[in-house]
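Here is how the chains run, residue by residue.
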Amino acid sequence: MEKLFYRISEVAEIIGESTSLVRFWANSFPKQIKPKRNAKGNRLFTKEDVDMFKQIHLLVKVQGMTLEGAARKLSRKSGLDKTTKVLDSLRDIRGQLEEIRKTL
């Protein structure tokens, strides 16, 4: 069963970045990422938010785009979802292959 909300530390672990960077990106992309707040005021992110963080990570960290360029690209939504899904699949396959290698 998939979670409804993810804490900031969980999002950071999923995308492989620090919590402070996740917080910064959440503040830098208010049109794309809209975290909910619990009673304590902690940010809670949906699965769609996590997918958006993956896309931002791809654009900024992997492709080297600026935050402004990434925001423009995200507003156009040109096949970016497919690219991030493919990268996630490849990471999963790599993890499985590494597990097989360890058992040999």
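Numbers given for residues are sequential positions, taken from 1 along each chain in its written order. Totals for whole chains, interfaces and linings use every residue, but because this is a predicted model, local features are given only for residues with pLDDT of at least 70 and side-chain atom pairs only at 80 or more, for both listing and counting. Side-chain calculation: all heavy atoms of the structure are included, whereas hydrogens and water are not.

**Notes on helix H4 (residues 67–76)**
What H4 keeps buried is the set Gly69, Ala70 and Leu74. Projection of H4 onto a plane perpendicular to its axis shows the buried side chains occupying an angular sector of 135°, all on one side. When the buried face of H4 is taken as reference, the exposed residues oriented beyond 90 degrees from it are Glu68, Arg72, Ser75 and Arg76. For every residue, the accessible area (1.4 Å probe, protein chains only) is compared with the maximum for its type, and the residue is labelled buried under 20%, exposed over 50%, or partly exposed between those bounds. Labels follow the DSSP assignment, with helices taken as runs of H or I lasting at least four residues and strands as runs of E lasting at least two, numbered in each case from the N terminus. Throughout, the arc means that of the directions going from the helix axis to the C-beta atoms.

**Here we look at the sheet that holds strand E2 (residues 36–37)**
At least two bridges found by DSSP between two strands are what make those strands a pair. The three strands lie next to each other as E1-E3-E2, forming an open sheet whose pairing is antiparallel. Two strands in the sheet have a free side with no partner beyond their single neighbour: strand E1 (6–7) and E2. When E2 meets strand E3 (residues 43–45), the two strands line up antiparallel, connected through two bridges. Considered in E3, the bridge of Arg37 is made with Arg43.

**Details of the confidence of the model for the chain**
Known as pLDDT, the predictor's per-residue confidence is scaled from 0 to 100. Counting all residues, the mean pLDDT for the chain is 88, and 92% of those residues have values of 70 or more. When pLDDT is averaged over each element of the chain, helix H2 (residues 19–28) comes out on top at 95 and helix H5 (residues 80–103) at the bottom at 82.

**Overview of the packing of aromatic side chains**
The rule is short: rings of Phe, Tyr and Trp, with Trp giving its six-membered ring, pair when the centres are within 6.5 Å, and they are stacked under 30 degrees, edge-to-face over 60, tilted in between. Per the stated rule, a full pass over the model turns up one aromatic pair. On the numbers, 5.2 Å between centres and 85° between planes, the contact of Phe45 with Phe53 is edge-to-face. For the pair formed by Phe45 and Phe53, the shared burial category is buried.

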